[in-house]
Protein chains: 2
Amino acid sequence: MYIRLTGTGNAPQIPVYGCYCKSCSRARVDENYRRRPASAEIQTSAGRFLLDAGRTDLADWADPKTLKGVILTHYHMDHVAGLFHLRWGVAGSIPVFGPSDPNGCDDLYAHPGCLDFTHTLEPYRERRLCEEMTIIPVPIKHSKMTFGYIIKGRREVVVYLSDCDGIGPESASVIRESMPKVVIVDCSFPPEVGRNHLSLDRALPLLDELGAQWLYLTHIGHDLENYLLSHPLPEDGRILLARDGLTLNID
Amino acid sequence: MYIRLTGTGNAPQIPVYGCYCKSCSRARVDENYRRRPASAEIQTSAGRFLLDAGRTDLADWADPKTLKGVILTHYHMDHVAGLFHLRWGVAGSIPVFGPSDPNGCDDLYAHPGCLDFTHTLEPYRERRLCEEMTIIPVPIKHSKMTFGYIIKGRREVVVYLSDCDGIGPESASVIRESMPKVVIVDCSFPPEVGRNHLSLDRALPLLDELGAQWLYLTHIGHDLENYLLSHPLPEDGRILLARDGLTLNID
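Now for a look at the structure at hand. (Residues numbered from 1 in each chain as written. Chains lettered and ligands numbered in written order. Predicted model: local features only at pLDDT ≥ 70, side-chain atom pairs only at ≥ 80, totals over all residues. Heavy atoms only, no water.)

### Considering the sheet that holds strand E7 (residues 127–130) of chain B
Residues and elements named next belong to chain B.
So, point 1. Within the open sheet, the 7 strands sit side by side as E7-E8-E9-E10-E11-E12-E13. Their pairing is mixed. Each of the sheet's edge strands pairs with one partner strand only, and the pair in question is E7 and strand E13 (239–241). Between one strand axis and the next, the sheet turns by 25° as a mean value, whatever way the strands run.
So, point 2. Sheet topology note: the strand E10 (residues 157–161)/strand E11 (residues 182–186) ladder contains 4 bridges and is parallel. Directly across from Val 159, in E11, lies its bridge partner Val 183.
So, point 3. Here helix H5 (residues 169–177) sits on the sheet and contacts strand E8 (133–140), strand E9 (146–152) and E10; the angle it forms with E8, its principal contact strand, is near 155°. (Pairing = 2+ DSSP bridges. Helix = DSSP H or I, 4+ residues; strand = E, 2+ residues; numbered from the N terminus. Axes fitted to C-alpha atoms, helices over the stretch in contact; angles between N-to-C directions. Contact = heavy atoms within 4.5 Å.)

Here it is, written out as structure tokens:
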């Protein structure tokens, strides 16, 4: 099975509307530097799971015949915007897994269409989604009730932590015990700025704190991208900047 | 000045996610048959105005340097979805004109970013937006507070009525008095079905009731598109099915 990052940007995305900084200008010229809303797809032999749904072009590529479900970290618009189109589909019932949130987003609960929002997950309770994959939701700090996910293949583990403003001791402990191969984590801002999301100085120590072999930074804002043009990441190659389209194998 | 329809579909759009009816299949093969969320742009010598903002690719083509404002009919998601990305732009202050709505949509009012939602319009009160264009908001029936717009050029008038579940006597009278060249009106459904929007049998009489020279149908659902494959519109050419990209000159 593999996980493909379908977006690695924050809510403004890259390019930011109307911005002509170095990173935004580069992304307008070269599609490979675009950063769409932070999201991923998990391809298993049973079919595809979407991990967040902030991309609004899902109908063009997430074939309902092979879509087995949507896993949500939380109900902010840049993580659910694509559901407002999908819900009116002719697509049977699509389970949406996620945290308990009394309001959801706008009128998604009132008019779910083909989406089934009853699949609420409990913190730390492992859930098998198909023969080769289980997930464990771990609550993380953010401005809204938010889960990170420990994604377990047969032997390997990837942890996805977006959006994130810190990880409490219980969640950190559960993540460490899972012995993650890769941790993909929110790093929206340059050092010591921003709020509700991690800045670079707070994200980098997570490599060791969570016991990861590799740390990928996601949910990248243009200020961080510009900062990294002149302040490269540590050279040992264990901390990497994610890109839209990055694909990780999970055995 | 001209008005270009940037979307002529209803909330599910065409193709509908997962649907393989004749109209949806055709739209997957031929881009010209796609129907995106009902919306338009108005190009004037002063710059561009967006009429509704349900398209989520606005950042790719609505250059902030020439964008003079956004005119909203109402705050349903398929008419405002594109604002959730634009709001984080580096784009000065973009005025949003529209009806008074205490809630707006999701957290747009709480986090407006570069959008200025204070430009509330009063029913029937004419507003000059640039030297060559004024608009008159006319309340129309829908499931949420909704305006249609009388769009006046120097000599000609186009009326835009989406979304619409009927027009009360006062609004109908004001529209008739404006002597519209073209009325563009919600026609979501085949005859005698649906709710909150007009069906074909209720839309067609508006040509004469509103005194229009031409009536264009918009906000088209796939059931109506399929119906029209075997039930063509009246032959005199005064009632027409709008298409995405249709451009009308307004003198």
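On we go from here.
### Some remarks on the pairing of E9(B)
All names here are of chain B.
So, point 1. Across the 7 residues of E9, 6 count as buried, placing the element largely inside the fold.
So, point 2. Sheet analysis places E8 next to E9, joined by 7 bridges and oriented antiparallel. Paired with Pro 139 across the strands is Phe 147, a residue of E9.
So, point 3. Note: E9 against E10, 4 bridges, orientation antiparallel. (Buried < 20%, exposed > 50% of the residue type's maximum accessible area, 1.4 Å probe, protein only.)

### A short note on the interface of chain B and chain A
So, point 1. Contacts between chain B and chain A engage 29 residues on the former and 29 residues on the latter.
So, point 2. Taking both partners together, chain B and chain A bury about 2300 Å²; carbon and sulfur atoms supply 60% of that area.
So, point 3. Sorting the residues of chain B by area buried against chain A places Tyr17(B), Met77(B) and His85(B) first, and these three jointly supply 33% of that buried surface.
So, point 4. At the boundary of chain B with chain A, the tally comes to 9 residue pairs in polar contact (both at pLDDT 80 or more).
So, point 5. For the side of chain B that touches chain A, the elements supplying multiple residues, two or more each, are helix H2 (58–61) and helix H4 (83–86) of chain B.
So, point 6. In terms of residues, the side of chain B that touches chain A owes the most to one element, H4(B), which gives 3 residues.
So, point 7. Partitioning the side of chain B that touches chain A into residue classes produces 19 nonpolar, 5 polar and 5 charged. (Buried area = accessible area lost by both parts, 1.4 Å probe. Polar contact = N/O pair within 3.5 Å; in protein donor to acceptor, adjacent residues only side chain to side chain. Nonpolar A, V, L, I, M, F, W, Y, C, P; charged D, E, K, R; others polar.)

### Examining the sheet that holds strand E6 (residues 115–120) of chain A
All names here are of chain A.
So, point 1. Spatially, E6-E5-E4-E3-E2-E1-E14 is the arrangement adopted by the 7 strands of the open sheet, whose pairing is mixed. The outermost strands of the open sheet, each flanked by one partner alone, are E6 and strand E14 (247–249). With direction set aside, neighbouring strand axes in the sheet form an average angle of 25°.
So, point 2. Sheet topology note: the strand E1 (residues 2–7)/strand E2 (residues 39–44) ladder contains 5 bridges and is antiparallel. Paired with Ile 3 across the bridge in E2 is Ile 42.

### Structural notes on the pattern of salt bridges
Residue and element names in this part refer to chain A.
So, point 1. On inspection of all chains with the given rule, the structure shows 32 salt bridges over all chains.
So, point 2. Here Asp 57 and Arg 55 are joined by a salt bridge, their closest N and O atoms 2.7 Å apart.
So, point 3. By relative accessible area, Asp 57 is classed as partly exposed at 24%.
So, point 4. Within this structure, Arg 26, Arg 35, Glu 225 and Arg 243 form a network of salt bridges that share partners. (Salt bridge = Lys/Arg side-chain N within 4 Å of Asp/Glu carboxyl O.)

### Structural notes on the packing of helix H1 (residues 22–29) of chain A against helix H8 (residues 222–230) of chain A
Residues and elements named next belong to chain A.
So, point 1. Viewed as axis vectors pointing N to C, H1 and H8 meet at an angle of 100°, and their least axial separation amounts to 8 Å. It follows that H1 is roughly perpendicular to H8 by the angle criterion. In this structure, H1 contributes Lys 22, Ser 23, Cys 24 and Arg 26 to the contact, and H8 contributes His 222, Glu 225, Asn 226 and Leu 229. (Parallel < 35°, antiparallel > 145°, perpendicular 65-115°, else oblique.)

### Points about the side chain of Asp78(A)
So, point 1. By the secondary structure assignment, Asp78(A) is in helix H3 (residues 77–80).
So, point 2. No salt bridge forms around the buried Asp78(A); measuring N to O, its nearest opposite-charge neighbour Arg87(B) is 6.7 Å away.
So, point 3. Here the side chain of Asp78(A) touches His79(A) through a polar contact of 3.4 Å, side chain to side chain.
So, point 4. With residues near it in sequence (within four places) discarded, Asp78(A) still touches Asn10(A), Ala11(A), Pro37(A), Gly54(A), Asp163(A) and His219(A). (Lys, Arg positive; Asp, Glu negative; His and termini not counted.)

### As for the relation of the copies chain B and chain A
So, point 1. The two copies are related by a screw motion: chain B maps onto chain A through a turn of 180° and a shift of 0.0 Å along the axis, at an RMSD of 0.0 Å. Taken together, these values place the two copies in the relation of a two-fold axis. The C-alpha atom lying nearest the rotation axis in chain B is that of Asp106(B); the distance is 2.5 Å.
So, point 2. Residue by residue, 100% of the interface of chain B is reproduced at the interface of chain A, so both copies engage with the same surface. (Least-squares fit on C-alpha atoms with pLDDT ≥ 70 in both.)

### A short note on the environment of His219(B)
Residues and elements named next belong to chain B.
So, point 1. Positionally, His 219 belongs in the loop between strand E12 (214–218) and helix H8 (222–230).
So, point 2. Note: C-alpha distance between His 219 and Leu 204 (15 residues apart in sequence) is 14 Å.
So, point 3. Polar contacts involving the side chain of His 219 include one to the side chain of Ser 188, which spans 2.9 Å.

### Considerations on the nonpolar core
So, point 1. Counting 45 residues, the largest nonpolar core has Leu83(A) and Leu83(B) as the members making the most contacts within it.
So, point 2. Apart from residues lying up to four places away in sequence, Leu83(B) is in contact with Ala53(B), Val70(B), Leu72(B), Leu108(B), Leu115(B) and Phe117(B). (Core = buried A, V, L, I, M, F, W, Y, C linked by side-chain atoms within 4.5 Å.)

### Brief notes about unusual backbone geometry
Trans is the common state for peptide bonds, and a negative phi is the common state for residues other than glycine.
So, point 1. Ile14(A) connects to Pro15(A) through a cis peptide bond whose omega is 5°.
So, point 2. Relative to the helices and strands, Pro15(A) resides in the loop between E1 and H1.
So, point 3. Cis peptide bonds are those with omega within 30 degrees of zero, and the linkage from Ser162(B) to Asp163(B) qualifies with 0°.
So, point 4. Of note, Asp163(B) is situated in the loop between E10 and H5.
So, point 5. Even without glycine at this site, Asn196(A) takes up a positive phi of about 70°.
So, point 6. With respect to the helices, strands and loops of the structure, Asn196(A) is situated in the loop between strand E11 (182–186) and helix H6 (200–203).

### What to know about the environment of Leu233(A)
Residue and element names in this part refer to chain A.
So, point 1. Residue position: Leu 233 is located in the loop between H8 and strand E13 (239–241).
So, point 2. When the C-alpha positions of Leu 233 and Leu 200 are compared, they lie 9.7 Å apart, and in sequence the two are 33 residues distant.
So, point 3. Every residue in contact with Leu 233, bar those within four places of it in the chain, is listed here: Leu 200, Leu 204, Leu 217, Leu 228, Ile 239, Leu 240 and Leu 241.

### Some remarks on the environment of Arg55(A)
All names here are of chain A.
So, point 1. With respect to the element layout, Arg 55 can be found in the loop between strand E3 (47–51) and helix H2 (58–61).
So, point 2. Owing to a relative accessible area of 14%, Arg 55 belongs among the buried residues under this scheme.
So, point 3. For the pair Arg 55 and Ala 40, spaced 15 residues apart in sequence, the C-alpha to C-alpha distance is 9.8 Å.
So, point 4. Among residues more than four places away in sequence, those in contact with Arg 55 are Thr 6, Arg 36, Pro 37, Ser 39, Trp 61 and Gly 82.
So, point 5. In this structure the side chain of Arg 55 is engaged in a polar contact, spanning 2.8 Å, whose partner is the backbone oxygen of Thr 6.
So, point 6. At 2.7 Å, the side chain of Arg 55 and the side chain of Asp 57 are in polar contact.

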